[in-house]
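# Close look at the chain arrangement
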Amino acid sequence: MGFLNKPKLQVFLATFCSFTIFVPWGQTTSIAQAATKAEIKLQPIYEQYGKRFDVPWGILAGIDRYAELSKTKADRNEHPFYGYAFDDVAWSGLSNPNSHDIDPMTISLFGGLGVDANRDRIASQIEAEDRIAALASWIDLESGESDLDECVWALFQDPVAMDRVFAFSRIFETFGLHPEGHCFPVDKRYNYTVKHTFGAGRSFGGRRIHEGVDIFASYGTPVLACSYGYVELMGWNRFGGWRVGIRDGDNYYYYYAHLSSFAKGVKQGSLVRPGQVIGYVGSTGYGPPGTAGKFPPHLHFGIYREIGHREWAFSPSSMLASWERQKQTVMRVKS
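Note that the structure is a prediction, hence the values are computed from the model and not measured.

## Topic: the pairing of strand 11 (residues 298-306)
Where burial is concerned, most of strand 11 is hidden: nine out of the nine residues are buried. Here strand 11 shows no split at all, with His-298, His-300, Gly-302, Tyr-304 and Glu-306 on one side and Leu-299, Phe-301, Ile-303 and Arg-305 on the other all buried. In the sheet, strand 4 (residues 213-217) pairs with strand 11 via four bridges, with the strands oriented antiparallel. The residue bridging Asp-214 from the neighbouring strand is His-300, located in strand 11.

Below is the structure:
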């Protein structure tokens, strides 16, 4: 049994970029800070309402994570709580004269999405349990007997968001909401040299900057996943040769290029963990598929950050220095 009035649903579909937040009188703490600290405690709530409404808890977590990561500064100022947010009219009810209503009785009377899931007589999106219960209920009613794709599309109307939400869901359900640990991206038992050349000029294929760090090592040196995540991309690139792209649950994208080959058992869509062998150092690239030997063997390692509307590279040097000091465990996956 859901909380929603489905005939009114399409009239006020949720958005997360144009609404006003009602803050209960007397609330003086920083909601944004409290939400950040409390995020790790959300998994039981996702699991509770995922089970109640037959929605995978990882999907609820994935929706929240992508919505949070893709907010602009203006969005954060306007919506100072973690995760996905419904439009005020959707939450309160299309015909409700009070678009900031937090009374569960009048919200229900006007067919709003808002619910008082935690039984405190307030239906507020600031309260994670109320908001997640409403989201799970909406997905339950909207999906019916079909899959979840249409629901995620209705929330974001963006194919990239759909890919991220479902990938995040797999990461969370396998490793948890915040899996801890990273790994230096080559096997430290082999000889290697790190060249911190981020931002240096490159000329092949046109003038551009070097968006990563080069780790020189012998052919065949194992290359390792540095984070929990999934293989978003594999294959040939005329600049990077044989390359792998791994994205984690915080939307960091790790780019490995110039590989001699990929590790057996690793393919596009695979989930990986720190220390897992994903390929081997080579010198491929700067030409059509199979081109190799135009430069010494090394791993090009880059990190990219994405916030929905833009993506940028940043120097991985400080993170590599930290990971290099940590103990390393190398794992191979059976094919």
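Having seen it, we continue.
## A word on the confidence of the model for the chain
Confidence along the chain averages 84 in pLDDT terms, with 81% of residues attaining 70 or more. Note that pLDDT drops below 50 for residues 203-208; the model gives that stretch 12 contacts with residues more than four away or on any other chain.

## Some words on the packing of helix 3 (residues 57-69) against helix 9 (residues 159-175)
The contact between helix 3 and helix 9 brings their axes to 7 Å, and the two run at 125°. With respect to helix 9, the axis of helix 3 lies oblique. For the element pair helix 3 and helix 9, the recorded crossing hand is right-handed. Here helix 3 contributes Trp-57, Gly-58, Ile-59, Ala-61, Gly-62, Ile-63, Arg-65, Tyr-66 and Leu-69 to the contact with helix 9, which in turn contributes Val-160, Ala-161, Arg-164, Val-165, Phe-166, Phe-168, Ser-169, Phe-172 and Glu-173. Residues of the contact of helix 3 with helix 9, tallied by class, amount to 12 nonpolar, three polar and three charged.

## Regarding the packing of aromatic side chains
The relative placement of two aromatic rings is captured by the distance of their centres and the angle of their planes. Applying the stated criterion to the full structure yields 15 aromatic pairs. Judged by centre distance (5.6 Å) and plane angle (80°), the ring pair of Tyr-84 and Phe-86 falls under edge-to-face. Here Tyr-84 and Phe-86 have matching classes, each one buried. Here the aromatic rings of Phe-184 and Tyr-192 are separated by 5.1 Å at their centres, their planes lie at 40°, and the arrangement is tilted.

## A closer look at helix 8 (residues 149-156)
Along helix 8, the positions that sit buried rather than exposed are Cys-151, Val-152, Ala-154, Leu-155 and Phe-156. Where helix 8 is buried, its residues touch helix 3, helix 7 (128-143) and helix 9. Among the residues trailing helix 8, Gln-157 stands out with phi positive, at a value near 50°.

## Remarks on the side chain of Ser-169
Tracing the backbone shows Ser-169 in helix 9. Classification of Ser-169 as buried rests on a relative accessible area of 6%. Separated by 3.4 Å, the side chain of Ser-169 and the backbone nitrogen of Ile-59 make a polar contact. Contacts of Ser-169, omitting those with residues within four sequence positions, involve Gly-58 and Ile-59.

## Observations regarding the environment of Glu-306
With respect to the secondary-structure elements, Glu-306 resides in strand 11. In this structure, the C-alpha to C-alpha distance between Glu-306 and Leu-69, residues 237 residues apart in sequence, is 8.0 Å. Excluding residues that lie within four positions of it along the chain, Glu-306 makes contacts with Tyr-66, Leu-69, Val-160, Arg-164, Arg-247, Asn-251 and Glu-311. Engagement of the side chain of Glu-306 in a polar contact is seen with the side chain of Arg-164, the distance being 2.8 Å.

## Focus: the state of the cysteines
Each disulfide consists of one covalent bond between the sulfur atoms belonging to two cysteines. With the rule as written, the count across this model stands at zero disulfides. Between Cys-226, a cysteine without a disulfide, and Cys-183, which holds the nearest cysteine sulfur, the sulfur-to-sulfur distance is 7.9 Å. Residue classification places Cys-226 among the buried positions, given a relative accessible area of 1%.

## As for unusual backbone geometry
Glycine aside, residues mostly have negative phi angles, and peptide bonds mostly take the trans form. Here Asp-54, not a glycine, exhibits a phi torsion of approximately 55°, which is positive. With respect to the helices and strands, the residue Asp-54 is situated in the loop between helix 2 (43-52) and helix 3. Positive phi, normally seen in glycine, also occurs at Arg-119, with a value near 60°. Here Arg-119 lies in the loop between helix 6 (104-109) and helix 7.

Cut-offs applied
Residues numbered from 1 in each chain as written. Predicted model: local features only at pLDDT ≥ 70, side-chain atom pairs only at ≥ 80, totals over all residues. Heavy atoms only, no water. Buried < 20%, exposed > 50% of the residue type's maximum accessible area, 1.4 Å probe, protein only. Helix = DSSP H or I, 4+ residues; strand = E, 2+ residues; numbered from the N terminus. Pairing = 2+ DSSP bridges. pLDDT = per-residue confidence, 0-100. Contact = heavy atoms within 4.5 Å. Axes fitted to C-alpha atoms, helices over the stretch in contact; angles between N-to-C directions. Parallel < 35°, antiparallel > 145°, perpendicular 65-115°, else oblique. Left-handed = near helix turned anticlockwise from the far one by under 90°. Nonpolar A, V, L, I, M, F, W, Y, C, P; charged D, E, K, R; others polar. Phe/Tyr/Trp six-rings, centres within 6.5 Å; stacked < 30°, edge-to-face > 60°. Polar contact = N/O pair within 3.5 Å; in protein donor to acceptor, adjacent residues only side chain to side chain. Disulfide = S-S within 2.5 Å.

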